[in-house]
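Chain residues, written in single-letter form:
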Amino acid sequence: MSTKAGYLKYDRVDGTVLKEEERTKDFQEFHLRLPFQQRREQAERCMNCGVPFCQNGTMIAGMASGCPLHNLVPEINTLVAHGRLEEAFRRLSMTHSFPEFTCRVCPALCEAACTCGVHDAPVATKENEKEVIEYAFEHGLVPDGKPKVRTGKKVAVIGSGPSGLAAANLLNRRGHEVTVYERKDRVGGLLRYGIPNMKLDKSVIDRRVGLMEEAGIRFLTGVDVGRDVPASALMEQYDSVILACGASNPRDIQVPGRDAEGIFFAVDFLGMVTKKLLDTDFAEYPKSLVEGKDVLVIGGGDTGNDCVGTCIRLGAKSVRQLEMMPQPPVDRLPSNPWPEWPRVLKVDYGQEEAIWKYGSDPRIYQTTVKEFVKDKKGHLKEAVLISLRSEKDEKSGRLRMIPVEGSEKKVKTSLVLIAAGFLGSEQYVTESFSVSTDARTNVKTEPGKYLTTRKGVYTAGDMHRGQSLVVWAIAEGQRAAREVDEDLMGYSNL
Ligand SMILES: Cc1cc2nc3c(=O)[nH]c(=O)nc-3n(C[C@H](O)[C@H](O)[C@H](O)COP(=O)(O)OP(=O)(O)OC[C@H]3O[C@@H](n4cnc5c(N)ncnc54)[C@H](O)[C@@H]3O)c2cc1C
């Protein structure tokens, strides 16, 4: 038991979330921390169960259950409950390079697998983690990781998303000389230019990158490897290369009228918005992109939700969000028991804000776009939507979504954001390094390994496992670093 069986005494309490009308005025984070005494009570709810699924990180029914980093969740919760935050931070640091990112953006696989959650609300582990890491930063406990000795080995990391950062951080700590190449103007990958600022304040990335620079990691931004610098040059210069370029190839919607002006990939749109905010130090919002427009977001997932929240902040007249699949159930089905990831209806922050602003959930299920309609100047003016019905494929047993002819209807829209997922790695990088990819264009390795089909070239993150989560990217970056270190030094103490 963490202390005094807090799960019998306290209900789950989350930190205050600013009301929609307050938080949609700007792009600032809106989750506040609980007073410390209440945070301790929340940590006391941890049951310290014999088999803590929260830290398991295993795949069940194709979905991760528990933390892929294997954070020592019950131990950390116990230390928080006792008010021993410095020790909690040391425990957290044993498994996790960047808790300050996941405590803001992770869907909390740990909480979905929490034993307390079988009959009651799970322990608020994600917010406990935030208390620990923010306390550590506030009290100067986070080391820069400067190595005492250099090994003389050089490693290039291509891509500065969470996987690249995690790999670079560990390898530098071990004493290797690490250079991170990033094609964008700023470091962070999708942490920077995908996830909106209100979910992850970009100063949180700068704070970490500053420490990494102090520790000796070199960041080269605005360098597109495979275009500006050939792979052969890097292979000569470095002992090992890690490809951590993400799954940056967005899935398109190929229907008539796709060339209309006013259709963007969600990730490009979100990146443009964040860049404008950062370039102007939040003095200017790129309102002209959205203000007064009827917006159609294609894709009912998390990226789509980020688009909804962003468009509301930029003054959209209306926002609709299309989802091809049927609406999930409100509660777990018997076929989806604990501790599997719960496939249930989630109302995320963007949808909450849309309900507040426009009076209804923006999601329209079992619907897609059949056609985009342009005006005479080529600007988007309408979209033709069509309903879908589900049908089980006899051979694979999978659900297929079939258009229902005659169900078409036109909606007015002048801005479409495509948030339909990603297809995998970009060919120019994989070809440049001559590494093999699988059918999904993810870079190929042996199962559980990070070495590609080319000696000295490793991969990690979305580029390796396909579009995923920040927590997986960090886990992959850490594991890839360990493998690189073993191959360079004959053993690894990472
Ligand atoms: C809009 C959006 C919101 C998301 N929200 C969440 C969330 O809330 N929680 C969560 O857990 N996950 C979220 N995800 C997923 C998560 O961001 C990714 O799984 C994670 O960032 C992958 O990390 P990565 O390091 O593998 O790749 P990325 O973060 O994609 O970073 C790859 C980096 O490599 C750079 N690069 C690519 N090619 C080259 C090249 N040739 N030369 C130099 N640099 C190159 C790219 O510019 C990029 O900076 C979200 C994704 C999107 C798109």
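Keep in mind that this is a model prediction, so the values were computed, not measured. (Residues numbered from 1 in each chain as written. Predicted model: local features only at pLDDT ≥ 70, side-chain atom pairs only at ≥ 80, totals over all residues. Heavy atoms only, no water.)

The next thing to look at is the pattern of salt bridges. The tally for this structure, following the rule as stated, stands at 41 salt bridges. Among the salt bridges present, the one from Lys370 reaches Glu408, with a minimum N-O distance of 2.7 Å. Here the residue Lys370 occupies a position in strand S11 (residues 367–374), and Glu408 occupies one in the loop between strand S13 (399–403) and strand S14 (409–412), the gap between them amounting to 38 residues. Take Lys370: its relative accessible area is 35%, and that puts it in the partly exposed class. Residue Arg400 is joined to Glu391 by a salt bridge in which the shortest nitrogen-to-oxygen separation is 3.0 Å. Using a relative accessible area of 40% as the deciding quantity, one classes Arg400 as partly exposed. Connected via shared salt-bridge partners are Arg23, Arg313, Glu352 and Glu353. (Salt bridge = Lys/Arg side-chain N within 4 Å of Asp/Glu carboxyl O. Helix = DSSP H or I, 4+ residues; strand = E, 2+ residues; numbered from the N terminus. Buried < 20%, exposed > 50% of the residue type's maximum accessible area, 1.4 Å probe, protein only.)

Another aspect to go through is the sheet that holds strand S3 (residues 154–158). The five strands lie next to each other as S5-S4-S3-S6-S16, forming an open sheet whose pairing is parallel. Since the sheet does not close on itself, it has two edges, and those belong to strand S5 (218–221) and strand S16 (457–459), each with one partner. The mean inter-strand angle of the sheet, taken between neighbouring strand axes irrespective of direction, is 20°. Across four bridges, strand S4 (residues 177–182) lies against S5 in parallel orientation. If you follow Val180 over to S5, its bridge partner there is Phe219. Where helix H9 (residues 162–174) meets the sheet, it contacts S3, S4, S5 and strand S6 (240–243), and its direction lies at approximately 165° from that of S4. (Pairing = 2+ DSSP bridges. Axes fitted to C-alpha atoms, helices over the stretch in contact; angles between N-to-C directions. Contact = heavy atoms within 4.5 Å.)

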